[in-house]
Amino acid sequence: MGRIGGLVMGRAPLSVLTSMSLARFRCSRVPVHVLVLLPAAFQNSNVENLPPHVIRLVYKEVSTLTSDPPEGIKVFPNEEDITDVQVTIEGPEGTPYAGGVFRMKLILGKDFPAAPPKGYFLTKIFHPNVGANGEICVNVLKKDWKAELGIKHVLLTIKCLLIHPNPESALNEEAGRLLLENYEEYAARARLLTEIHAQPSSLRGASKDPADPCSSATVLAAGGEGPLAKKHAGDRDKKQLAKKKTDKKRALRRL
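Residues numbered from 1 in each chain as written. Predicted model: local features only at pLDDT ≥ 70, side-chain atom pairs only at ≥ 80, totals over all residues. Heavy atoms only, no water.

Draft legend 1. A look at the pattern of salt bridges. Under the definition given, this model contains three salt bridges. Put simply, Arg189 and Glu174 hold a salt bridge, and the shortest N to O gap is 3.1 Å. Of the two residues, Arg189 is situated in helix H5 (residues 183-197) and Glu174 in helix H4 (residues 173-181); the sequence distance between them amounts to 15 residues. As a salt-bridge pair, Arg177 and Glu181 come within 3.6 Å of each other at their nearest N and O atoms. Of the two residues, Arg177 and Glu181 both sit in helix H4, four residues apart, roughly one turn of that helix. Note on Arg177: relative accessible area 40%, which makes it partly exposed. Residue Glu181 is classed as exposed on the basis of its relative accessible area of 60%. (Salt bridge = Lys/Arg side-chain N within 4 Å of Asp/Glu carboxyl O. Helix = DSSP H or I, 4+ residues; strand = E, 2+ residues; numbered from the N terminus. Buried < 20%, exposed > 50% of the residue type's maximum accessible area, 1.4 Å probe, protein only.)

Encoded structure:
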């Protein structure tokens, strides 16, 4: 711990603003004397619109989530904007999203935490509560929001949404209808998009580290289909793969 200008500083990386930045921030909602606590990377972000106590709370929670994330969730702070929280969520077992890794983000607006953040899936997903632009519709981001809930609660709720979709508040009406009327078709469509868009990068040869959540070893442990499984597939498996490709083509025509 140390002090600058009478302010107590924590262990977070700190930077003194340039004279140009100070001049710009004199017109913002955040007092200039507080901005010495901000990392340089955040100087051009939405941080300037948040009160200083909110900045401290957000930085603390994002740092905690980065070092000690909930199971199946990883948080990657945006170095350019702490109010843009980048996240990956592993598809829960027993769902059509199993084996996939889904990128999403939370955007903290200028009225956070009085107003809820906005959530978006960056990975394409077939889900009743995810719109065409990736927008997530869940009560905790709307009428059930409370300022004390925090980012962790939101991320856990979104992960639960992959297990228990809510067709009553569907942004994707087709997914909502299939969920109610033909679950097998819904699950097939969801699995298809998971296989196409949400496969870990290791399946493309990017990582071989077993400790990496995107590694092929992790996917295989989660019941995914890795290169070795395909290499040793027999005639029966080849027929199934051929049928799978045909089904994919049919499904893609309907997308």
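Draft legend 2. Just H4, in detail. Looking at H4, one finds that the buried residues are Ala175, Gly176, Leu178 and Leu179. In an axial view of H4, the angular spread of the buried residues amounts to 165°, which keeps them on one side of the axis. The outward face of H4, more than 90 degrees from its buried face, is lined by the exposed residues Glu173, Leu180 and Glu181. Its buried side turned inward, H4 meets H5. For H4, the N-terminal cap is Asn172; the gap from its side-chain oxygen to the backbone nitrogen of Glu174 is 3.3 Å. (Arc of directions from axis to C-beta. Contact = heavy atoms within 4.5 Å. Polar contact = N/O pair within 3.5 Å; in protein donor to acceptor, adjacent residues only side chain to side chain.)

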